[in-house]
Amino acid sequence: MSETRKITYLPQETLLDVSGVTLQYRTGQQLVTATYRVDFSIKSSDRFVLLGPSGCGKSTLLKAVGGYLEPVEGEIRLRGKRITRPGPDRMMVFQEFDQLLPWMSVLGNVMFPLVETGKLGSSAAREKAMEYIRKVNLVRVADSYPHTLSGGMKQRVAIARGMAMEPDILLMDEPFAALDALTRRQMQEELLQLWADTRFTVMFVTHSIGEAIKIGNRILLLSPHPGEVVAELNCPPPDSDEPGWQTHVERRINDMLFAGADTKADPHA
Amino acid sequence: MPDTLLPSLAPRPDIRRTPTGGSGLVVQRSLPLGERLNNMSGLRKVFLLIALAVIWEAYARWVDNELLFPTFTATIQAMLTNIANGVLPARIWVSLRILLMGYGVGIAVAAALTCVAVGFRLGADLLEVLTAMFNPLPAIALLPLAMIWFGLGTGSLVFVLAHSVVWAVALNAHSGFLSVPRTLRMLGRNYNLHGIRYIRKILVPAAFPHILTGLKIA
């Protein structure tokens, strides 16, 4: 491989299969249809991005994969098994900074699911947790409490906690949306670096076209109200030889999402 | 009509500088001793206590009536002798024991009530109705009833104490549980935590400040 510089693709198995999923939720007086007959499948080691304007049901779809919401139509299968409730084989990383347990140190937070789900004993969990804390460069603050950390650091802890469980799939719900632009860019780079190290499977929700192109190798575009699949695109690898391909993809996505409407590009892009 | 003059943006040269790290300037230093002492709230409170004791002593000497208004020094002396001969500690212990018993019973009942309230929607409604009914009821008003039910001994006292503890603790714990962020609740379910383990590992620590407030009020 090294002499010819040819990339060998290992076969990817289908991990998550979403077929004909319609999702509805109740808000006090109303019944809202979030997505309508959505189909897609995620293969192992995919960086699968759900992209769409607000109100396209992408977060709801992620919650359904997380098992918090039962589809009214269709089904979601993980490794062939139907998803009916939340479980530690699908670890969630949320957008909110308050997803860390404020009464526990960074180490305690990363250890918590490992110990509580009975996956590891406490000393093995400590070792595993430290391994992932090292991966996200937080060894220095391993004994600090969440309120002393910056937003970016908190999200890194949440990512380390999700990854330490070595779940089948990591579900990330706009994890960088509440960060400032500079930190967000840094976190995107770090996530890609982590992926290059361990090749975990991640499902990533975002409303930023730029972020989707940077993070994803496969992008699912959803239309708003209710969310329906508009397209599923392959995203070239970040070291693509052709210069300016990002701008090209970005324009293409923009055209597809806002066909007909003269909406400006997303400010986060 | 006069022309409006708009400022034009002429290009200016870029400026580049190297930070010196504040050379020569003391970046951080400790405050003078007087200011630091003044910033200690404990010290200020000690000063206030001494001032109050001095006022007490002065007023008692001016009144000069040992029975009606004993002096500060006489009071302290009486306290010290009673502690020395063991009368005061024994009586404190009797009162404390009843207080602790009432507190314990109250907390146990409140814990049971809030667990039910977390588990079932009807349980939450029950807790809300009960608290609304009994919380405003002054404990002293129940004392005659309690004396009929439990007699004149500790039983009725414990009942009255427990009554004043239960509602304060249950109300605060319940509102604490309700204010636990949705993200943390979802997290708990993500880790397969259910029932008592979910309450113990997620809800109680997250609502701890509320619960502590309830315990303090109680």
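Because the structure is predicted, anything quoted here is derived from the model rather than measured.

Asker: Teacher, can you tell me more about the sheet that holds strand β1 (residues 14-27) of chain A here?
Answerer: Consider a sheet: its strands pair through backbone hydrogen bonds, and that pairing is either parallel or antiparallel. All names here are of chain A. Judged by pairing direction, the sheet is antiparallel, and its 4 strands sit side by side in the order β2-β1-β4-β5 without closing on themselves. The strands lining the two open edges of the sheet, one partner per strand, are β2 (30-43) and β5 (81-82). Here 10 bridges tie β1 to β2, and the two strands are oriented antiparallel to one another. Looking at the pairing, V18 lines up with F40 of β2.

Asker: Got a minute to help me understand the confidence of the model for chain A in this structure?
Answerer: Parts of the prediction with low pLDDT should not have their coordinates interpreted in detail. When pLDDT is averaged along chain A, the result is 83, and 91% of the positions lie at 70 or above. The lowest-confidence element of chain A is helix α7 (residues 245-257) of chain A, averaging 79 in pLDDT; the highest-confidence one is strand β8 (residues 202-206) of chain A, averaging 92.

Asker: What is the right way to read unusual backbone geometry from this model?
Answerer: Trans is the common state for peptide bonds, and a negative phi is the common state for residues other than glycine. In this chain, H225(A) is followed by P226(A) through a cis amide linkage whose omega measures -15 degrees. Residue R37(A) is not a glycine yet carries a positive backbone phi of 45 degrees. Exposure remark for R37(A): the 14 C-beta atoms within 10 Å place this residue in the partly exposed category. For D64(B), which is not glycine, the phi torsion reads 55 degrees and is therefore positive. Locating D64(B) in the fold gives a position in the loop between α2 (41-63) and α3 (72-84). Residue D64(B) is classed as exposed on the basis of its 9 C-beta neighbours within 10 Å.

Asker: What's the story with the pairing of strand β9 (residues 218-223) of chain A in this structure? I'm lost.
Answerer: For a regular strand, the rule is simple: side chains alternate between the two faces of the sheet. All names here are of chain A. Of all the 6 residues making up β9, 5 are buried; the element is thus mostly covered by neighbouring parts of the structure. Relative to β9, strand β3 (residues 47-51) runs parallel, the two sharing 4 bridges. Paired with V49 across the bridge in β9 is I219. Judged from the 6 bridges that link them, β9 and strand β10 (residues 228-234) form a sheet pairing that is antiparallel. Bridge pairing in β10 links S223 to E228. Between β9 and the antiparallel strand that follows it, β10, lie 4 residues; H225 among them carries a positive phi value of about 45 degrees.

Asker: How do you make sense of the confidence of the model for chain B when you look at a structure like this?
Answerer: Residues and elements named next belong to chain B. Of the residues in chain B, 98% have a pLDDT of 70 or more, and the chain-wide mean is 85. Mean pLDDT values over the elements of chain B span from 82, in helix α6 (residues 139-150), up to 90, in α2. The complex prediction reports pTM at 0.72, with the ipTM value standing at 0.76.

Asker: Help me understand the interface of chain B and chain A in this model?
Answerer: Where the parts come together, the accessible area they lose is often given as the size of the interface. Contacts between the two partners involve 12 residues from chain B, matched on the other side by 15 residues from chain A. Residue assignment for the side of chain B that touches chain A shows that the elements contributing at least two residues are α8 (182-190) and α9 (195-206) of chain B. Element by element, the count of residues in the side of chain B that touches chain A is highest for α8(B), at 6 residues. Classifying every residue of the side of chain B that touches chain A gives 7 nonpolar, 3 polar and 2 charged.

Asker: Explain the sheet that holds β8(A) to me, please; I cannot follow it from the model alone.
Answerer: All names here are of chain A. Judged by pairing direction, the sheet is mixed, and its 6 strands sit side by side in the order β6-β7-β8-β3-β9-β10 without closing on themselves. Two strands close off the open sheet at either side, each with one partner strand: β6 (90-93) and β10. Neighbour-to-neighbour, the strand axes of the sheet open up by a mean angle of 20 degrees, direction not taken into account. Here strand β7 (residues 169-173) runs beside β8; their pairing, made up of 4 bridges, is parallel. Within the sheet, the bridge partner assigned to M172 lies in β8 and is F204. Across the sheet, helix α4 (residues 151-164) is in contact with β6 and β7; its angle to β6 comes to roughly 180 degrees.

So, how was this worked out
- Residues numbered from 1 in each chain as written.
- Chains lettered and ligands numbered in written order.
- Predicted model: local features only at pLDDT ≥ 70, side-chain atom pairs only at ≥ 80, totals over all residues.
- Pairing = 2+ DSSP bridges.
- Helix = DSSP H or I, 4+ residues; strand = E, 2+ residues; numbered from the N terminus.
- pLDDT = per-residue confidence, 0-100.
- Buried ≥ 20, exposed ≤ 12 C-beta atoms within 10 Å, placed from the backbone.
- Contact = placed C-beta atoms within 7 Å.
- Nonpolar A, V, L, I, M, F, W, Y, C, P; charged D, E, K, R; others polar.
- Axes fitted to C-alpha atoms, helices over the stretch in contact; angles between N-to-C directions.

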